[in-house]
Every structure is written in structure tokens, then in C-alpha cells.
Amino acid sequence: MGRRIRKLVSGLVFLGLVGGGAFWWLTKPAPWPAAHWEGLGEPDLANGEQVFWAGGCVSCHAKPGGEGDARLVLSGGAPLKSPFGTFHAPNISPDETAGIGAWTLAEFGNAMTRGVGRNGEHLYPSFPYASYVRMTPKDINDLWGYMKTLPKASDVAPGHELPFPYNLRLALGGWKLLFLTDTPRAAVDTADAKLARGQYLVEGPGHCGECHTPRNALGGFEASQWLAGAPNPEGEGRIPNITPGSKSIGGWSASDIASYLESGFTPEFDSVGGSMVEVQKNMAKLSAADREAISAYLKAVPAL
Amino acid sequence: MKIRALMLAAALAGLGVTAVTAADEPQAVRQQLMKKVGAATGALAGIAKGEKPYDAEIVKASLTTISETMKTFPDHFPAGSETGMETEASPKIWENMDDFKAKAAKLGSDTAAVLAQLPADQAGVGAALGGIGKDCGSCHETYRLKKN
């Protein structure tokens, strides 16, 4: 698996270098036109906070080892293991030099939904912008407003530890061309407002598929295996199937799922574990209606 | 009602027939212990959610079960029991046995502290359960791995 990925990515890099112009044009960083981020008005900070928890930013960007309110210090630095090497989430606190305090809404929004950094560079999809791409400009504006209220931190996170060729951001253009899309992941009845909301939360800010969907050799989702479970990127064990076909949660009612997201207890009174612990703590901060919407969506996706 | 409460308390305390299992492999023993902790937690959650009426005896018995079980739980991870019998124990337990034991002890002492000041109503049980749930999650986060 690892070798195959490496070969394919080297291929993409090669294409990038040799194909030169055409490849560059096809895969150059593509921020939104400026108008996309204009006229959004004053942010709604209460909604921004909800978006913040739905998006789970603390899981990756919080200062390592903090508890409670210390989790709101987004100084970054925690190592994130992947088959491509170890990433260190950057400082995204409102500090003007170490963090992103000096960014504009457009710069922030383009990072979140286009994977384009402040200097126009491609960002790595270990930052789950391939899910966040579905977020509305309003939610991004509210989130940005809320994040500016968080404590500043002056820590500078270590650089990523990535072997060649993954250390080349250029190759990410090819990845985006193949995999960065905002089309729905699963067909559900969006006339039903609850399901539409659940779809938005799960496929967008909640980025549930980033862990629960298996990936192909290039690190893109297996489209036909949406939420069907995947190997654990940290090594042993598996991330469970959360479609109605799951041996485990297939038997749970929608309210069982909602109460798991709220309390961390399964209907058998097993308790949440692994990387889901962080996700569950974030989900516990959402409104009951949003947890119910997520549960309704998980009951409605194709059973795998 | 009274009788059912007593029976439940007895079962939770490990006096029930089901507690005598044929399998005495450490993997099976510890899974059984965790199931017992799960059942006790479930009894507390039933009260916290208002699905069952508040009953001081059940609350006491459930907390006692959790607290007592956690005293011996970490003894069932001898070398050689890292795999087999569908264990969901993470290899990290054997790398950080002291921390693993500390997490078990924390749940044990936190429940003992709740016992010493028994919650007097549904809301009190809910608050206690919140703290207990965090202890379950903080151990499962690092030391329990779902494998399917």
C-alpha cells in the first residue's frame, strides 16, 4: 500500500515537472473570486461557536495536553500521523505573527474551502478542506468572527516531517484536481430539512468521512464506500462502519446515535474510545437538534 | 419493585449466576468485568435520563460495582494476553502499564467519592455520570481499540 502510493505520487510529481505548463495551469491554487467573501456583514458569534465545535478544530489545532478552556488555545503543534509522514497542525490562534490574526476573511475562507494558503500555496488535505469545501460563506464568516475572540498564542508549530516527494506542495494540485469537489457524498432526500442539515454537518464541517471512509492509493475517498469504515491511520485497529449496514450501529435507533454523540455511551453502555473521544466531546457542544439531524442522516445513507 | 431492585443489586454485585463463566482466560475475564461496569453504568444512565425512577439502593449498588471492579480490572492484562479472544485491548497498555493502572484507579476513586456523597436525585445522578463517562472515555481513548 505505502509503496504503491509513493509510486503514484512520484508519478504525479513527475507529471508536474515534465508536463510543466499544462499541469500547472490545471492544478494551480484556485481561490474563490473576491466577491464570494464580500457583503457577508457582521458575524453571528453564537453560530460561529457552533460551527467551530462542529468543525472540530480543537482536535488538531489545540495546544497539546490542555484540558477544558485550555483547549481554546489553538497554538497547534500536535503530531498528526498519516501514511505520507507526520504533519504538525499550525498555530491558528488570532496572534498576528505566530497565528492567523493578520489574515483577511477571504484568506481564511480560501484556506478553509479551497485549500489555498495565505501565500497562494496549496495546503495539504490532512487539513480536511476537502470536507470544509461544503461550508457556506455565512458559516465561514461567523466562524472567523468567533475565532478572533479566542486567546492568542505565540508558539510556532514545528514543520511537517514529510519525505520526498510529499514535501512538494506542487503535487497537491493533482490531488485537488482529482478529489476536491463539493458535490454531495451520498444521495439523501434533501427536501427533508432535517436530512439536509444532517448532510451538511456530516459531509461538511463535521468531516466524519475523513476517518470513516476508506481511501484509494492516492488518498482520495473510495466513492462507493462512503462511511463504510476504514483502517486506523494511527496504526492498529479499525475505524468502524457507521452506515445502516454496520454490524454495530446498524442496530441502533436514531436516538441511540444522538445520545452516543451527546454522552459517549453506546446503547450497550460501552463507552466511546480512540480518536472518536475528541469528536464526541465536540459533538456534545452542538444543539440537540443538530445531533438529531446527524443521526437522521446516518440512518438515511446507503447501507454498506 | 423492591425485589427487582434487590435482584439487580445482587446481579451487579457479582452474586448473580451469570458471573460464574466457564472461560477464565484473562481476555474473557476482563471483558466480563467491563460488561459488568457497562451494565452498572447503564443502570445509572436509566435514572439520569428519567427512564427509571430514582432509587438510592440501585445507585449505591451500581457505584459500588464500578468502584470495586476497577480495583482488580488491571490485574487481568498479563503478558501473553495481548491478542486472542477478540480482545480490543490496545498494545499501548503493555507499553504504559503504570498510566493504564492510574486511569483504572482514577475511575475507582472518582466513583468511591460519589459513593461517599450519594447523589440524592435524578439530577445528581446525571452530574455524577458525566464525570464517570469522562473517565471511561479517557482510558478507552488510548487503551481500547475497535477492531472491526
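Residues numbered from 1 in each chain as written. Chains lettered and ligands numbered in written order. Predicted model: local features only at pLDDT ≥ 70, side-chain atom pairs only at ≥ 80, totals over all residues. Heavy atoms only, no water.

*Asks:* Give me the overall build of chain A: which residues, what numbers.
*Replies:* A count of helical and extended segments in chain A gives 13 helices and four strands. Whereas a compact globule of 304 residues would reach a radius of gyration of roughly 19 Å, chain A reaches 19 Å, a difference of no more than 12%. Each principal axis of the C-alpha atoms in chain A carries an extent, and together these give about 55 × 45 × 40 Å. Looking at the 304 residues of chain A, the share that counts as buried comes to 50%. Excluding contacts between residues fewer than 6 apart, the proportion of contacts in chain A whose partners are at least 24 apart in sequence is 63%. Only carbon and sulfur atoms are counted for the fraction: they give 59% of the accessible area of chain A, which is about 14,000 Å². In chain A, 26 side chains carry a positive charge and 29 a negative one; their mean positions are 8 Å apart. (Helix = DSSP H or I, 4+ residues; strand = E, 2+ residues; numbered from the N terminus. Rg over C-alpha atoms; globule rule 2.2 N^0.38 Å. Buried < 20%, exposed > 50% of the residue type's maximum accessible area, 1.4 Å probe, protein only. Contact = heavy atoms within 4.5 Å. Areas by Shrake-Rupley, 256 points an atom, 1.4 Å probe, with all protein chains shown as cover. Lys, Arg positive; Asp, Glu negative; His and termini not counted. Charge placed at Lys NZ, Arg CZ, Asp CG, Glu CD.)

*Asks:* With reference to specific residues and values, describe the interface of chain A and chain B.
*Replies:* Facing the 16 residues of chain A at the interface are 17 residues of chain B. Buried area between chain A and chain B, summed over both chains or domains, comes out near 1,400 Å², and the portion from carbon and sulfur atoms is 57%. A salt bridge links Asp270 of chain A to Arg144 of chain B; the shortest N-O distance between them is 2.8 Å. In terms of residue class, the side of chain A that touches chain B is built from five nonpolar, six polar and five charged. (Buried area = accessible area lost by both parts, 1.4 Å probe. Salt bridge = Lys/Arg side-chain N within 4 Å of Asp/Glu carboxyl O. Nonpolar A, V, L, I, M, F, W, Y, C, P; charged D, E, K, R; others polar.)

*Asks:* Tell me what's going on with the packing of helix H2 (residues 26-48) of chain B against helix H3 (residues 56-72) of chain B, and back it up with residues and numbers.
*Replies:* All names here are of chain B. Closest axis-to-axis distance for the H2/H3 pair is 9 Å, and the angle between their directions is 155 degrees. The angle between H2 and H3 falls in the class roughly antiparallel. The way H2 lies across H3 gives a crossing that is left-handed. Residues Leu33, Met34, Lys36, Val37, Ala40, Thr41, Ala43, Leu44 and Ile47 of H2 form the contact with H3, whose participating residues are Ile58, Val59, Ser62, Leu63, Thr65, Ile66, Thr69, Met70 and Thr72. Along the lines of polarity and charge, the residues of the contact of H2 with H3 split into 12 nonpolar, five polar and one charged. (Axes fitted to C-alpha atoms, helices over the stretch in contact; angles between N-to-C directions. Parallel < 35°, antiparallel > 145°, perpendicular 65-115°, else oblique. Left-handed = near helix turned anticlockwise from the far one by under 90°.)

*Asks:* So what's going on with the side chain of Asn241 of chain A? Which residues, and what values?
*Replies:* All names here are of chain A. Residue placement: Asn241 occurs in the loop between strand S4 (238-239) and helix H11 (254-263). A polar contact is formed between the side chain of Asn241 and the backbone oxygen of Leu304, at a distance of 2.9 Å. With near-sequence residues (within four places) excluded, Asn241 lies in contact with Leu227, Ala228, Gly229, Ser246, Ile249 and Leu304. (Polar contact = N/O pair within 3.5 Å; in protein donor to acceptor, adjacent residues only side chain to side chain.)

*Asks:* Requested: an account of the packing of aromatic side chains, with residues and values cited.
*Replies:* Residues and elements named next belong to chain A. Per the counting criterion, the structure on display carries 17 aromatic pairs over all chains. Against the face of Trp32 rests Arg114, its NZ or CZ located 5.3 Å from the ring centre. A cation over a ring is seen here: Lys285 above Trp53, with NZ or CZ 4.4 Å from the ring centre. (Phe/Tyr/Trp six-rings, centres within 6.5 Å; stacked < 30°, edge-to-face > 60°. Lys NZ or Arg CZ within 6 Å of the ring centre and 35° of its normal.)

*Asks:* Can you tell me about the pairing of strand S1 (residues 79-82) of chain A, naming the residues and giving the values?
*Replies:* Relative to strand S2 (residues 85-88) of chain A, S1 of chain A runs antiparallel, the two being bridged by four bridges. Paired with Lys81 of chain A across the strands is Thr86 of chain A, a residue of S2 of chain A. (Pairing = 2+ DSSP bridges.)

*Asks:* So what's going on with the domain arrangement of chain A? Which residues, and what values?
*Replies:* Residue and element names in this part refer to chain A. Along its sequence, chain A is organised into domain 1 (36-182) and domain 2 (183-304). The C-alpha-based centres of domain 1 and domain 2 are spaced at 22 Å. On the side of domain 2, 23 residues touch domain 1, which itself brings 24 residues to the contact. Taken over both partners, the interface formed by domain 1 and domain 2 buries close to 2,100 Å², and the fraction arising from carbon and sulfur atoms is 51%. Broken down residue by residue, the surface that domain 1 buries against domain 2 is led by Trp53, Ala54 and Arg134, which jointly contribute 28%. (Domains from an automatic or database assignment.)

*Asks:* Mind laying out the environment of Ser75 of chain A, listing which residues take part and the relevant values?
*Replies:* All names here are of chain A. With respect to the element layout, Ser75 can be found in the loop between helix H4 (57-61) and S1. For Ser75, a relative accessible area of 2% gives the class buried. For Ser75, the contacting residues outside a window of four places in its chain are His61, Lys63, Pro90, Asn91, Ala153, Asp155 and Ala157.

*Asks:* So what's going on with the confidence of the model for chain A? Which residues, and what values?
*Replies:* Per-residue confidence for chain A gives a mean pLDDT of 90, with 91% of residues at or over 70. In this model residues 11-19 of chain A is a low-confidence stretch, pLDDT under 50, and it forms 10 contacts with partners more than four residues away in sequence or in other chains. (pLDDT = per-residue confidence, 0-100.)

*Asks:* Run through the environment of Lys71 of chain B, naming residues and quoting values.
*Replies:* Residues and elements named next belong to chain B. By secondary structure assignment, the location of Lys71 is in helix H3. Spatially, the C-alpha atoms of Lys71 and Ser109 are 9.3 Å apart, while their sequence positions differ by 38 residues. A polar side-chain atom of Lys71 sits 3.0 Å from a polar atom in the side chain of Glu68.

*Asks:* If you had to explain helix H5 (residues 97-116) of chain B to someone new, which residues and values would you point to?
*Replies:* Residues and elements named next belong to chain B. Over its 20 residues, H5 runs 28 Å from end to end, which matches the ideal 28 Å to within 8%, given 1.5 Å per residue. Listed as buried for H5 are Met97, Phe100, Ala104, Leu107, Gly108, Thr111 and Val114. Seen end-on, H5 carries its buried residues on one side only, within an arc spanning 135 degrees. Exposed and facing more than 90 degrees away from the buried side of H5 are Asp98 and Ala116. Those residues of H5 that are buried lie in contact with H3, helix H4 (92-95) and helix H6 (122-143). (Expected span 1.5 Å × (residues − 1). Arc of directions from axis to C-beta.)

*Asks:* Any details on the pattern of salt bridges? Residues and values, ideally.
*Replies:* Close approach of charged atoms allows side chains with opposite charge to pair. Residues and elements named next belong to chain B. Following the criterion strictly, the structure yields 15 salt bridges over all chains and no others. Here Lys106 ties to Asp110 by a salt bridge, and the two come within 2.8 Å at their closest N and O atoms. Highlighted residues: Lys106 and Asp110, both in helix H5, separated by four residues, approximately one helical turn. Among the ionic pairs, Asp135 bridges to Lys106, the shortest N-O distance being 3.3 Å.

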